[in-house]
There are 2 protein chains.
Amino acid sequence: MEALHKKIREEGIVLSDQVLKVDAFLNHQIDPVLMQQIGDEFATLFANSGITKIVTIEASGIAPAVMTGLKLGIPVIFARKHQSLTLTENLFSASVYSFTKQTESTIAISTRHLTSSDRVLIIDDFLANGKASQALISIIKQAGATVAGLGIVIEKSFQGGRAELDTQGYRVESLARVKSLNGGVVTFVD
Amino acid sequence: MEALHKKIREEGIVLSDQVLKVDAFLNHQIDPVLMQQIGDEFATLFANSGITKIVTIEASGIAPAVMTGLKLGIPVIFARKHQSLTLTENLFSASVYSFTKQTESTIAISTRHLTSSDRVLIIDDFLANGKASQALISIIKQAGATVAGLGIVIEKSFQGGRAELDTQGYRVESLARVKSLNGGVVTFVD
């Protein structure tokens, strides 16, 4: 997606060979117009997949997920990382390790919002080692629902997450595929 | 806002005289169409206020904030509750106590994204005791920026947050004002 590549080139900051900082438009400050373009793109890619629900994780997945849900006309669920007094009922949950935050956490979705008849599109801001995606897949399977595919804003193709999802047979659509961050330069997969 | 009142009446769950659960369309599952209507309403209310930035807190404020930012054509910043490896620079920060989660936390915004020339609209999903709003106001003042107003999706008018903001002279626009949850019934301010 050219608008996204341009934004990454102009406003992304390479912190190391492993870490790309996109706090200027995706992870802290958000560009709503770009989010709408991203949502439209995911909606087009998954238009004929019979999607009934979108699932993401708080917090940075929410903006692209909601824009995709708006275009497809379906609800969005964001998995919660932190227990709330108002999230009291039965939960589907899974453990996820974040390399960025260096913490293990439990993510959860209320059993009220996912059923076995749902066809779910997972949306997330980043795909790196795939720990978050695998946790969401686990939750969707616990509900007996179907994973229709994954829509990723930025994939770090040099880490293992994409390859594992490919091996498992999931459809993955990444709008930017980063081949390397070596030498402080963002190189995209052709 | 009638569409929001209707949604609260039909899908809101009164957990106690203090707690309204809206996990079906705002805090866990999100209704993107309603979020767009909410964003349009905030954009209309604050159309001539010279807003340059929207500020919210992760996670439930993000959807209504991004829809408002889309309509107004301005960026959205969400204050982060949790330190990240990619949020490494100087931060404006403030402490906030959550009665819902019964935890004290620090929220932060990078100094890169707010400047003294910004006129900021605060958007949040709930206004109850006002602790989150006061923390965001503190952060905006640390940047030397101006608080142009607050757009709240659901205000619990029987708690003290609204009255304090009124006393401080801030413009507060709440799309649903809940007068009482007594007896398991949602009563709105006329």
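Rules and cut-offs
- Residues numbered from 1 in each chain as written.
- Chains lettered and ligands numbered in written order.
- Predicted model: local features only at pLDDT ≥ 70, side-chain atom pairs only at ≥ 80, totals over all residues.
- Heavy atoms only, no water.
- UniProt positions renumbered as here; feature names shortened; annotations may be inferred.
- Helix = DSSP H or I, 4+ residues; strand = E, 2+ residues; numbered from the N terminus.
- Buried < 20%, exposed > 50% of the residue type's maximum accessible area, 1.4 Å probe, protein only.
- Pairing = 2+ DSSP bridges.
- Contact = heavy atoms within 4.5 Å.
- Axes fitted to C-alpha atoms, helices over the stretch in contact; angles between N-to-C directions.
- Least-squares fit on C-alpha atoms with pLDDT ≥ 70 in both.
- Phe/Tyr/Trp six-rings, centres within 6.5 Å; stacked < 30°, edge-to-face > 60°.
- Lys NZ or Arg CZ within 6 Å of the ring centre and 35° of its normal.

Looking at an unreviewed UniProt entry, one finds chain A named Xanthine phosphoribosyltransferase, with Pseudomonas abietaniphila as its source organism. You can read under Subcellular location (unreviewed entry) in the UniProt record for chain A the words "Cytoplasm". Quoted straight from UniProt, the Function (unreviewed entry) entry for chain A says "Converts the preformed base xanthine, a product of nucleic acid breakdown, to xanthosine 5'-monophosphate (XMP), so it can be reused for RNA or DNA synthesis."

Chemist: Just give me the short version of the UniProt feature "binding site: 5-phospho-alpha-D-ribose 1-diphosphate" (unreviewed entry) in chain A, but keep the residues and values in it.
Modeler: Residue and element names in this part refer to chain A. With numbering matched to this structure, UniProt assigns "binding site: 5-phospho-alpha-D-ribose 1-diphosphate" (unreviewed entry) to Ala-128, Asn-129, Gly-130, Lys-131 and Ala-132. Secondary-structure assignment places Ala-128 in the loop between strand E8 (119-127) and helix H4 (131-142). Residue position: Ala-132 is located in helix H4. Judged by its relative accessible area of 22%, Ala-132 is partly exposed.

Chemist: Go over the sheet that holds strand E10 (residues 172-180) of chain B, please, and point to the residues and values.
Modeler: In space, the seven strands of this open sheet follow the order E3(A)-E5(B)-E4(B)-E8(B)-E9(B)-E10(B)-E11(B), with mixed pairing throughout. Looking at the sheet topology across the chains shown, the edges are occupied by strand E3 (29-30) of chain A together with strand E11 (187-188) of chain B. Sheet topology places strand E8 (residues 119-127) of chain B next to strand E9 (residues 146-156) of chain B; eight bridges connect them, and they run parallel. Note that in E9(B) the partner of B:Arg119 across the bridge is B:Thr146. Along the sheet face, helix H2 (residues 32-45) of chain B touches E8, E9 and E10 of chain B and points at about 120 degrees away from the line of E10(B).

Chemist: A description of the relation of the copies chain B and chain A should follow, citing residues and the corresponding values.
Modeler: Least-squares fitting of chain B to chain A yields an RMSD of 0.0 Å, with the transformation described by 0.0 Å of translation along the axis and a rotation of 180 degrees. Those values place the two copies in the arrangement expected of a two-fold rotation axis. Of every C-alpha in chain B, the one belonging to B:Ala59 sits nearest the axis of rotation, 2.6 Å from it. Take the interface residues of chain B: 100% of them recur as interface residues in chain A, which is what a same-surface contact looks like.

Chemist: Would you mind going over the packing of aromatic side chains in detail, with residue names and values included?
Modeler: For the coordinates displayed, the defined rule picks out zero aromatic pairs over all chains. Over the ring of A:Phe46 we find A:Arg171; its NZ or CZ atom is 4.3 Å from the centre of that ring.

Chemist: Give me the sheet that holds strand E3 (residues 29-30) of chain B: which residues, what numbers.
Modeler: With mixed pairing, the seven strands of this open sheet are ordered in space as E11(A)-E10(A)-E9(A)-E8(A)-E4(A)-E5(A)-E3(B). Taken across any chain shown, the strands that pair with only one partner, and hence form the sheet edges, are strand E11 (187-188) of chain A together with E3 of chain B. In the sheet, strand E4 (residues 53-57) of chain A pairs with E8(A) via three bridges, with the strands oriented parallel. Bridge assignment links A:Ile54 to a residue of E8(A), and that residue is A:Leu121. This element, helix H3 (residues 62-72) of chain A, spans E4, strand E5 (76-79), E8 and strand E9 (146-156) of chain A together with E3 of chain B of the sheet and lies at about 175 degrees to E4(A).

Chemist: I'd like a rundown of the environment of B:Val96, residues and numbers included.
Modeler: All names here are of chain B. By the secondary structure assignment, Val-96 is in strand E6 (residues 91-98). Put simply, Val-96 and Glu-173 are 77 residues apart on the chain and 22 Å apart in space, counted from C-alpha to C-alpha. When neighbours within four sequence positions are excluded, Val-96 is seen to be in contact with Thr-103, Glu-104, Ser-105, Ile-107, Lys-131, Ala-132 and Ala-135.

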